[in-house]
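Listed below are the residues making up each chain.
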Amino acid sequence: MKKTILLLYLMTLAPITAQNEKFQGQPPIEIVPTTSKPVQKQWKGSFTYDSANITFSNNFEGARLNGIIKNNDSTYTALITSENTPINTSPWYAFKIWAKEKRTINVILTYQASAKHRYYPKLSFDGLRWSPLDSIQYTEFEKGDKNFGPGSLPVKISMKLEVGRDTLWIAGQELHTSSHVGRWMDSLSQKPFVSRKSMGKSREGRLLDLLTIGNPKSKNMLMVISRQHPPEVTGYLAMKSFIETMASDAKLARRFRKKFTTYVVPLMNPDGVDNGHWRHNAGGVDLNRDWANFNHPETRAVKKFMEEKVVRTNGKFYFGIDFHSTWDDIYYTVDPKLKGNMPDLVPTWLDAIKEEVDGYDPNVRPSDRMHPTTVSRNYFFVEHGAEALVFEIGDNTPREFLREKGRISANVLMELMLERLK
Ligand SMILES: [Zn+2]
């Protein structure tokens, strides 16, 4: 088992370790106002070129294609812009193409000023099963001179695509919108010890769904959230594997559920995800800067839920985790000198994960700046004493490896928490 995991991991690291580089993490969180800002809605529909019998569409959940220009019958330029600015370089795109006759076309992806191409194109014929574009069909232009991270990105790219009557889907990552996430929650809540309910509504009125794994009266609680940032699909996929492990029929998971109950909000920002946003919610702000002000219904719903749970059960949250994606696997933790409800849980856990996965040594970046709370991790720790962290998965981490990592992380955590509760 260990060998397989190591191999999978080395595959992701090959281009990085070659330069002896390791992702050092983002600079300290900037405190920004989180009052709502205007968002530009995307025009939705189909762009058809009769002369070439070809159609491009952004008329689906999670799509982002702001315009398409025909250069000639076989070359098209796509325009991708964000919901508002300033914004992080996480330029999401997703659209469909079909044509009356089978042919090969080139599609050039271009972005608004200051944004660059980040997500390697994934293709699908059903919107469910995705595979990366063959690298010989992919060309980068004006690539940055760094080997890694934002400085390495190209300004634009070109994709050579075979199109025909079967609709071809193209997206920055696999599409996991509120319908997909809803189906996953439904299937999981078939189990007698899992339930799904809504804990509020987003700004645009989408349900904010919550999964409960275990006994809802339990005093010993964990909080799990994901997808504050729409394009961060790899973090979401790791969360899925983590939660499926905790909700499995394995002996450890059964034992864990007798003592602990896990609450999960798999989709913190359904409006952003379904509208194909790069980062913000429908109120035009980064939700993960709103955990001190609580200006938005999405963050407010979690705060209210956690506070009420603590009062009703007279219990506490021992652990809080927020899944994200970035350039490479990294953990943003709370400085171990600060003690919560289960001191040292997170560092011990991360060491154990590294131990389980031979040769795997991702960056751990502790912080002791907990005020103002601003981000979910700080809120979980400061207001609830939950041992908390941001669990970041690389954009390109192989899917099989991130599922393994989610599974191992859950198993090790359950063992440790059961030991500590004794
Ligand atoms: Zn994020």
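Please read all numbers here as calculations on a predicted model, not as lab measurements.

Some words on a positive patch on the surface
A contiguous patch of positive charge on the surface is contributed by Lys-251, Arg-254, Arg-255, Lys-258 and Lys-422. Relative accessible area serves as the criterion here: at 75%, Lys-258 is assigned to the exposed category.

Observations regarding the coordination of the zinc ion
Protein coordination at the zinc ion: the donors are His-229 (ND1), Glu-232 (OE), Glu-232 (OE) and His-324 (ND1), at 2.1 to 2.5 Å from the metal. Every donor counted, the four donor atoms about the zinc ion form angles of 56 to 145° at the centre, which fits irregular coordination. Sequence positions of the donors to the zinc ion reduce to the motif H-x2-E-x91-H.

Considerations on the environment of Met-221
If you trace the backbone, Met-221 turns up in strand β14 (residues 220-226). In this structure Met-221 comes out as buried when scored by relative accessible area, which is 0%. The sequence separation of Met-221 and Arg-279 amounts to 58 residues, and the corresponding C-alpha distance is 29 Å. Discounting residues that sit within four places of it in the chain, Met-221 has contacts with Thr-261, Tyr-263, Lys-309, Val-310, Thr-313, Gly-315, Lys-316, Phe-317, Tyr-318 and Phe-319.

Some words on the side chain of Asp-271
Mapped onto the elements of the fold, Asp-271 is located in helix α5 (residues 270-274). A distance of 2.7 Å separates the side chain of Asp-271 from the side chain of Ser-202, its partner in a polar contact. If we ignore the near neighbours within four places in the chain, the residues touching Asp-271 are Ser-202, Arg-203, Glu-204, Arg-206, Ala-282 and Glu-298.

Digging into the UniProt feature "active site" (unreviewed entry) in the protein
UniProt tags Glu-392 as "active site" (unreviewed entry). Among residues more than four places away in sequence, those in contact with Glu-392 are His-324, Ser-325, Thr-326, Asp-328, Asp-329, Ile-330, Tyr-332 and Lys-405. For Glu-392, the side chain forms a polar contact with the main-chain nitrogen of Ser-325, separated by 3.4 Å.

Remarks on helix α4 (residues 251-259)
Looking only at α4, the buried set comprises Leu-252, Ala-253, Phe-256 and Arg-257. For α4, the angular spread of buried residues about the axis comes to 130°, placing them on one side. Of the residues in α4, the exposed ones pointing more than 90 degrees away from the buried face are Lys-251 and Lys-258. Looking at the buried side of α4, the elements it contacts are β13 (207-213), β14, α3 (233-246), β15 (261-265) and α9 (399-421).

Rules used throughout
The numbering scheme is per chain: residues are counted from 1 as the chain's sequence reads. At least 70 in pLDDT is required for a residue's local features to be given in this predicted model, at least 80 for side-chain atom pairs to be given and counted, and no such filter applies to totals for whole chains, interfaces and linings, which use all residues. Computation of side-chain values covers all heavy atoms of the structure but excludes hydrogens and water. Here a patch means residues that are over 30% exposed by relative accessible area and free of salt bridges, tied together within 9 Å if like-charged and within 5 Å if nonpolar (Val, Leu, Ile, Met, Phe, Trp, Tyr). Only the protein chains shown count as cover for residues, and the accessible areas themselves come from Shrake-Rupley with a 1.4 Å probe. Each reported salt bridge corresponds to a side-chain nitrogen of Lys or Arg within 4 Å of a carboxyl oxygen of Asp or Glu. The convention is simple: Lys and Arg are positive, Asp and Glu are negative, and His and the chain ends are not counted. The location of each charge is read from NZ of Lys, CZ of Arg, CG of Asp or CD of Glu. Here's how the labels work: a residue is buried when its accessible area is under 20% of the maximum for its type, exposed when over 50%, partly exposed in between, all with a 1.4 Å probe on protein chains only. Only nitrogen, oxygen and sulfur atoms count as donors, using a 2.8 Å cut-off from the metal that widens to 3.2 Å for Na, K and Ca. Water is left out, so coordination shells may look unfilled. Tetrahedral means four donors with every angle between 85 and 135 degrees, whereas square planar (four donors) and octahedral (six donors) require angles over 155 degrees between opposite donors and between 65 and 115 for all others; sites fitting neither are termed irregular. In DSSP terms, a helix is any run of H or I states spanning at least four residues, a strand is any run of E spanning at least two, and both are numbered starting from the N terminus. The contact criterion used is simple: two residues touch if any of their non-hydrogen atoms lie within 4.5 Å. As used in this structure description, the phrase polar contact means that two N or O atoms lie within 3.5 Å; if the pair is within protein, one of them must be able to donate a hydrogen and the other to accept it, and residues adjacent in sequence are counted only when both atoms belong to side chains. UniProt positions are given in the numbering used here, feature names are shortened, and annotations may be inferred rather than shown by experiment. Here the arc refers to the set of directions running from the helix axis out to each C-beta atom.

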